[in-house]
Amino acid sequence: MDGAAHTGDRLKDGSVKVSAEYQGMPGDIARGRELARRFLARVRAAQGAQVSDRTVEVVQLVVSELLTNACKYAPGPSLVDLELAEGRVEVTVWDSAPVLPVPGLADPGRVGRHGLEIVMAVCESFEVHREPVGKRMRAAVGLADDLTGRATLGHPA
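Predicted, not measured: the structure shown is a model, and the values here were computed from it. (Residues numbered from 1 in each chain as written. Predicted model: local features only at pLDDT ≥ 70, side-chain atom pairs only at ≥ 80, totals over all residues. Heavy atoms only, no water.)

J.: Honestly, the environment of alanine 41 in this entry has me stumped. Any pointers?
T.: Topologically, alanine 41 is positioned in helix α1 (residues 28–47). Owing to a relative accessible area of 36%, alanine 41 belongs among the partly exposed residues under this scheme. In this structure the C-alpha to C-alpha distance between alanine 41 and valine 51, which are 10 residues apart in sequence, comes to 8.5 Å. (Helix = DSSP H or I, 4+ residues; strand = E, 2+ residues; numbered from the N terminus. Buried < 20%, exposed > 50% of the residue type's maximum accessible area, 1.4 Å probe, protein only.)

Here it is as structure tokens:
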């Protein structure tokens, strides 16, 4: 086992989902990225879905950034859900901190603290909701490459 508790399901509506719990330990962020990579490999193989290489990179990046924030700023465990739904991957991260994240103003001189800006730039949608305990952040990433011709992570094709 990689240090995280996992569950994986095919839901009644045909969607596919995997979940993992992390304790904020060293290596959790790398384990989260690996969870995303394996999930998308399974989606490609088992579902026959067209998952672009860009999508694999972006989903891993989003998991990494959101899980980093959870491990860094929230006490206790965090949960990561990855779900294939209607041509996109929904990445959901729950943590125990009630404070909602706010993206910083653009500042190329700032070192670090750009994660939320990055997530918002590469995802189809991003939302945060307060929960009775903590908060839940959800980002959606499309399975297919952007039709404008953008290649990996926004670099021109």
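Here the narrative resumes, following the displayed structure.
J.: It is not clear to me how the pairing of strand β5 (residues 125–130) should be interpreted in this structure. Could you clarify?
T.: Along any regular strand, the residues point their side chains to alternate faces of the sheet. Inspection of the sheet shows β5 paired to strand β6 (residues 135–142) by six bridges, in the antiparallel sense. Across the sheet, residue serine 125 finds its bridge partner in β6, namely alanine 140. Between β5 and β6, which pair antiparallel and follow one another directly, the connecting turn spans four residues, one of which, glycine 134, has a positive phi of 80 degrees. (Pairing = 2+ DSSP bridges.)

J.: Mind showing me how you'd approach the nonpolar core here?
T.: If you look at soluble globular proteins, the nonpolar side chains tend to sit buried side by side. With 31 residues, the main nonpolar core has Phe39, Val59, Val62, Leu82 and Val91 as its most contacted residues. Per-element accounting of this core gives the leading share, eight residues, to helix α2 (residues 53–73). Setting aside residues no more than four positions away along its own chain, valine 62 makes contact with Val91, Val119, Val122, Cys123, Ala139 and Val141. (Core = buried A, V, L, I, M, F, W, Y, C linked by side-chain atoms within 4.5 Å. Contact = heavy atoms within 4.5 Å.)

J.: Help me understand the pattern of salt bridges, please; the structure alone is not making it clear to me.
T.: One pass over the full model with this rule turns up nine salt bridges. In this structure, arginine 88 and glutamate 90 form a salt bridge, with 2.8 Å as the shortest nitrogen-oxygen distance. Look at glutamate 90 and you get buried, because its relative accessible area is 16%. The partner of glutamate 131 in a salt bridge is arginine 136, with the nearest N and O atoms 3.4 Å apart. According to the relative accessible area criterion, glutamate 131 is partly exposed, its value standing at 28%. Among the charged side chains, a network of salt bridges with common partners joins Glu86, Arg88, Glu90, Glu127 and Arg138. (Salt bridge = Lys/Arg side-chain N within 4 Å of Asp/Glu carboxyl O.)

J.: Mind showing me how you'd approach unusual backbone geometry here?
T.: Residues apart from glycine generally show negative phi values, whereas peptide bonds are mostly found in trans. One non-glycine residue, glutamate 86, lies in the positive phi region at around 50 degrees. Inspection of the secondary structure puts glutamate 86 in the loop between β3 (78–85) and β4 (88–95).

J.: What should I look at first to understand the confidence of the model for the protein chain in this one?
T.: Any residue range with low pLDDT should be treated as having predicted coordinates unsuitable for detailed reading. When pLDDT is averaged across the protein chain, the result is 84; 82% of the residues are at 70 or more. A low-confidence stretch, residues 147–157 (pLDDT under 50), is modelled with 13 contacts involving residues beyond four sequence positions or located in other chains. (pLDDT = per-residue confidence, 0-100.)

J.: For this particular structure, what's the right way to read the side chain of threonine 92?
T.: With respect to the element layout, threonine 92 can be found in strand β4. Judged by relative accessible area, which is 5%, threonine 92 ranks as buried. A distance of 3.1 Å separates polar atoms of two side chains, one belonging to threonine 92 and the other to arginine 138. (Polar contact = N/O pair within 3.5 Å; in protein donor to acceptor, adjacent residues only side chain to side chain.)

J.: For this particular structure, what's the right way to read helix α3 (residues 115–122)?
T.: An α-helical turn contains 3.6 residues, so any two residues separated by three or four positions project in the same direction. For α3, the set of buried residues is Gly115, Leu116, Val119 and Val122. The buried side chains of α3 occupy one side of the element, clustering within an arc of 140 degrees when seen end-on. Next to the buried residues of α3 lie α2, β5 and β6. (Arc of directions from axis to C-beta.)

J.: Looking at this structure, how should I read the side chain of glutamate 65?
T.: Position of glutamate 65 relative to the elements: it lies in helix α2. In this structure, glutamate 65 is in contact with Gly115, Ile118 and Val119, ignoring residues within four places of it in sequence.

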